[in-house]
Structure formats: structure tokens, C-alpha cells
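Descriptive structure summary
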Amino acid sequence: MAAGLLLGGCSDATGTYCQTLADQQQVVAELAGSQRPSREQLHSGLAAFEELQQAAPTDIRDEWDTFVFAWQDLVEAFDAAGVDPARFRPQDPPPQATAAQVQAIESAAAELASARVTDAGRGIEQHARDVCDVDLGTPADGGARAGG
């Protein structure tokens, strides 16, 4: 009986997560499909990722942690520099961005494109398809185009 209660709790958590994935699918797909996302897209995408991270069942939580922390770093770097990501070009940074801020953006973008983060993104996508029957529509690079 205890096993049945535990399994029932898992499927409820997975069901909630899958519903959250379905609810956030469009936000995630729009961010993934944007070559140069706007500040608003980055913030709404991050909010969606954070909601999914919180709803994620334990079998996919580590992947979400890796993915979300990388996105948080990128958003924080753009915010700290006061730079619109849609207009940012590392080779021609805006005058208000210091060299350190430009470096922080480039470092955060590189981390987002790293094997560790892209592998986490692939794991999230695979889990979404296999367990939730949701196609997140994200590119193979985990959305890393956002930084540069």
C-alpha cells in the first residue's frame, strides 16, 4: 500500500510537470527560435525555465538546475550591463558596457553553449518527449545562440 501511495505521488508530480511543460511550450519555443532574443524574451524564457525547474520531478531536476543556472547567469550579465541582448554584438559592444561586463556576457554565453549545458538541454527535451509527449522545439545547441 505504501508503494502505491509513493508511486501515485510520483505520477501526480510528473503529471503536474508535464502540464507545466505544455503550458510553457510556446514561450520556450519562441525563445529557442529567436536568433537574437529581446530582453523581454530572455526574462519570460527564464521565468518559464524557473517554473519548470521547480515543477520538475527528481529524475530530471539535475538537468533543469544546470540549464536554469546557465540561463540565469546570461540574463544577469545582460541586465548588469544594461544591454539589450537583441542588439548586443561582442565585436561592437555598446558604449555603456564595460569590458568586464562584455566579458561576463561572453562567458555566460559560452557556458550556455558548453557541452554540460547542451547535454542537460537535450536530456530535458528527451524527457519532455518521452514522458510528457511534449516537443519543446528547441535547437540542438540548447538555445545557446542567445548570447552571441
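Residues numbered from 1 in each chain as written. Predicted model: local features only at pLDDT ≥ 70, side-chain atom pairs only at ≥ 80, totals over all residues. Heavy atoms only, no water.

**With respect to the pattern of salt bridges**
- Applying the stated rule across the entire model yields four salt bridges.
- Note that Asp84 and Arg87 form a salt bridge whose closest N and O atoms lie 2.9 Å from each other.
- For Asp84, a relative accessible area of 22% gives the class partly exposed.
- We note a salt bridge from Arg122 to Asp119, for which the minimum N-O separation is 3.0 Å. Placement of both Arg122 and Asp119 in helix α5 (residues 115-132) is noted, with a separation of three residues, approximately one turn of the helix.
- Owing to a relative accessible area of 39%, Arg122 belongs among the partly exposed residues under this scheme. (Salt bridge = Lys/Arg side-chain N within 4 Å of Asp/Glu carboxyl O. Buried < 20%, exposed > 50% of the residue type's maximum accessible area, 1.4 Å probe, protein only. Helix = DSSP H or I, 4+ residues; strand = E, 2+ residues; numbered from the N terminus.)

**A short note on the environment of Leu42**
- In this fold, Leu42 is placed in helix α2 (residues 39-55).
- Placed 32 residues apart in sequence, Leu42 and Leu74 show a C-alpha to C-alpha distance of 8.9 Å.

**Quick notes on the packing of helix α3 (residues 58-81) against α5**
- Closest axis-to-axis distance for the α3/α5 pair is 8 Å, and the angle between their directions is 130 degrees. The angle between the axes of α3 and α5 places the two elements in the oblique class. Crossing of α3 against α5: the hand is left-handed. Counted together, Asp59, Ile60, Glu63, Trp64, Thr66, Phe67 and Ala70 of α3 and Arg116, Val117, Ala120, Gly121, Gly123, Ile124 and His127 of α5 form the full contact between these two elements.
- Looking at the contact of α3 with α5 residue by residue, the classes come out as seven nonpolar, four polar and three charged. (Axes fitted to C-alpha atoms, helices over the stretch in contact; angles between N-to-C directions. Parallel < 35°, antiparallel > 145°, perpendicular 65-115°, else oblique. Left-handed = near helix turned anticlockwise from the far one by under 90°. Contact = heavy atoms within 4.5 Å. Nonpolar A, V, L, I, M, F, W, Y, C, P; charged D, E, K, R; others polar.)

**Side note on the environment of Gly33**
- With respect to the element layout, Gly33 can be found in helix α1 (residues 2-33).
- Sequence-wise, Gly33 and Gly137 are 104 residues apart; in three dimensions their C-alpha atoms are separated by 8.0 Å.

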